[in-house]
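# Chains, contacts and geometry: an overview
Spelled out from the first residue to the last, the chains are:
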Amino acid sequence: MKIGEFHEPNRKIVGRSVWHYDLLESTNETAKELLEPDLEEGLVIWADRQSAGKGRQGRAWASPPGGLYASVLLRPKEPQAWVLGLLAGMPVVKALRHFGVFAGLKYPNDAVYQGRKIAGILSEGVYRRETYHVIIGIGVNTNVDLDRLPPDLQATATTMKREVNLFVANDEFLDYLLSQLDDLYSRYRNTKIEFLIKEYRGQCTTIGKRVSATTSKGTVTGRAYDIAPNGALIIMDEANAKHEFVEGQLKILP
Ligand code: BTN
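Read on for a plain summary of the structure. (Residues numbered from 1 in each chain as written. Predicted model: local features only at pLDDT ≥ 70, side-chain atom pairs only at ≥ 80, totals over all residues. Heavy atoms only, no water.)

With that settled, the discussion passes to the sheet that holds strand β4 (residues 68–74). Remark on secondary structure: sheet strands pair via backbone hydrogen bonds, oriented parallel or antiparallel. On the basis of which strands lie adjacent, the open sheet formed by eight strands has the order β1-β2-β3-β4-β8-β7-β6-β5 and mixed pairing. Each having just a single partner strand, β1 (2–7) and β5 (104–106) make up the two edges of the open sheet. The sheet shows a mean angle of 20° between the axes of neighbouring strands, direction not considered. Across three bridges, the pairing between β5 and strand β6 (residues 110–113) is antiparallel. Pairing of Lys-106 across the sheet is with Asp-110, part of β6. Sitting on the sheet, helix α5 (residues 170–190) is in contact with β2 (17–24), β3 (44–50), β4 and β8 (131–140), with an inclination near 25° to β4. (Pairing = 2+ DSSP bridges. Helix = DSSP H or I, 4+ residues; strand = E, 2+ residues; numbered from the N terminus. Axes fitted to C-alpha atoms, helices over the stretch in contact; angles between N-to-C directions. Contact = heavy atoms within 4.5 Å.)

So, in structure tokens, the structure goes:
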């Protein structure tokens with residue numbers, strides 16, 4: 001059920017309107033259901049809980065109360081859902097740092113703190129009546145007790161509640177996050193994407209680390225070496241051969 005609506009006319013595109021729900025299956029799915037060419041670009045669908053939160057690669061996203069679950073509707077000129085989702089990791093990390101969690105950016109767009117995942121992004125590109133839409137879904141473990149997450153995640157995930165003593169209200173976190181996303185999206189529209197990819201590279205803490213990347217083609221082990229202009233992670237294997245990795249399972253090795 002929709003429980004509120006906020007407007008922030010000072011924003012350029014992202015978050016000028018926010019629709020707040022108590023419980024949704026998935027904010028990404030609701031955003032897709034609402035899609036109409038005249039639906040305001042930058043609209044945010046925010047839920048206090050999700051009953052069927054989705055993660056990347058068909059995984060579920062545990063969405064207990066206390067966490068932040070929001071999706072932003074964008075209409076970029078180029079069909080670049082994936083790159084936008086990659087870049088959206090930067091504002092998420094910035095917001096976490098602003099509120100006291102010194103998180104890093106694990107490729108492609110996970111926010112991690114001391115090796116444990118604290119936020120994730122699922123970006124989806126959808127054509128509806130010949131218009132291309134991108135839904136950027138962001139989940140942040142804000143005011144969640146670690147034991148409310150599935151047992152198999154508890155060793156590799158964390159929450160703001162666990163890491164900082166300060167209570168941060170979700171509306172306050174969302175407000176800051178949306179202003180950062182708005183800023184990123186305006187730079188995305190007005191500057192060359194290569195500049196933003198370079199900025200992303202500077203913030204991606206995976207670079208320089210030993211990794212193993214598994215895709216449908218197999219597993220590559222080596223050093224995360226660079227971000228390609230298209231956003232792919234370049235991995236240099238032991239024989240100094242370079243491999244591009246985009247989607248799959250990426251493990252940081254000790
Ligand atoms: C991942 O790391 O696997 C991506 C997680 C994305 C979760 C968010 S929560 C809000 C939005 N709605 C969803 O169903 N998923 C995204």
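Resuming the write-up.
Turning next to the packing of α5 against helix α6 (residues 193–203). Contact geometry of α5 with α6 gives a least axis separation of 8 Å together with a crossing angle of 135°. Relative to α6, the element α5 is oriented oblique. Mapping the contact onto sequence places Leu-184, Arg-187 and Tyr-188 in α5 and Ile-193, Leu-196 and Glu-199 in α6. Within the contact of α5 with α6, the residues separate by chemical class into four nonpolar, no polar and two charged. (Parallel < 35°, antiparallel > 145°, perpendicular 65-115°, else oblique. Nonpolar A, V, L, I, M, F, W, Y, C, P; charged D, E, K, R; others polar.)

So, about the environment of Gly-218. Tracing the sequence through the fold places Gly-218 in strand β10 (residues 218–227). Separated by 30 residues in sequence, Gly-218 and Gly-248 have C-alpha atoms that sit 9.9 Å apart.

Right, let's talk about the environment of Asp-110 for a bit. Examined against the element boundaries, Asp-110 turns out to sit in strand β6. For Asp-110, a relative accessible area of 6% puts it in the buried group. Measuring from C-alpha to C-alpha, the distance between Asp-110 and Ala-88 comes to 9.9 Å, with 22 residues separating the pair along the chain. If we skip the residues at most four places from it in the chain, Asp-110 touches Arg-56, Gly-104, Leu-105, Lys-117, Ala-119 and Gly-120. Side-chain polar atoms of Asp-110 contact the side chain of Lys-117, separated by 3.1 Å. (Buried < 20%, exposed > 50% of the residue type's maximum accessible area, 1.4 Å probe, protein only. Polar contact = N/O pair within 3.5 Å; in protein donor to acceptor, adjacent residues only side chain to side chain.)

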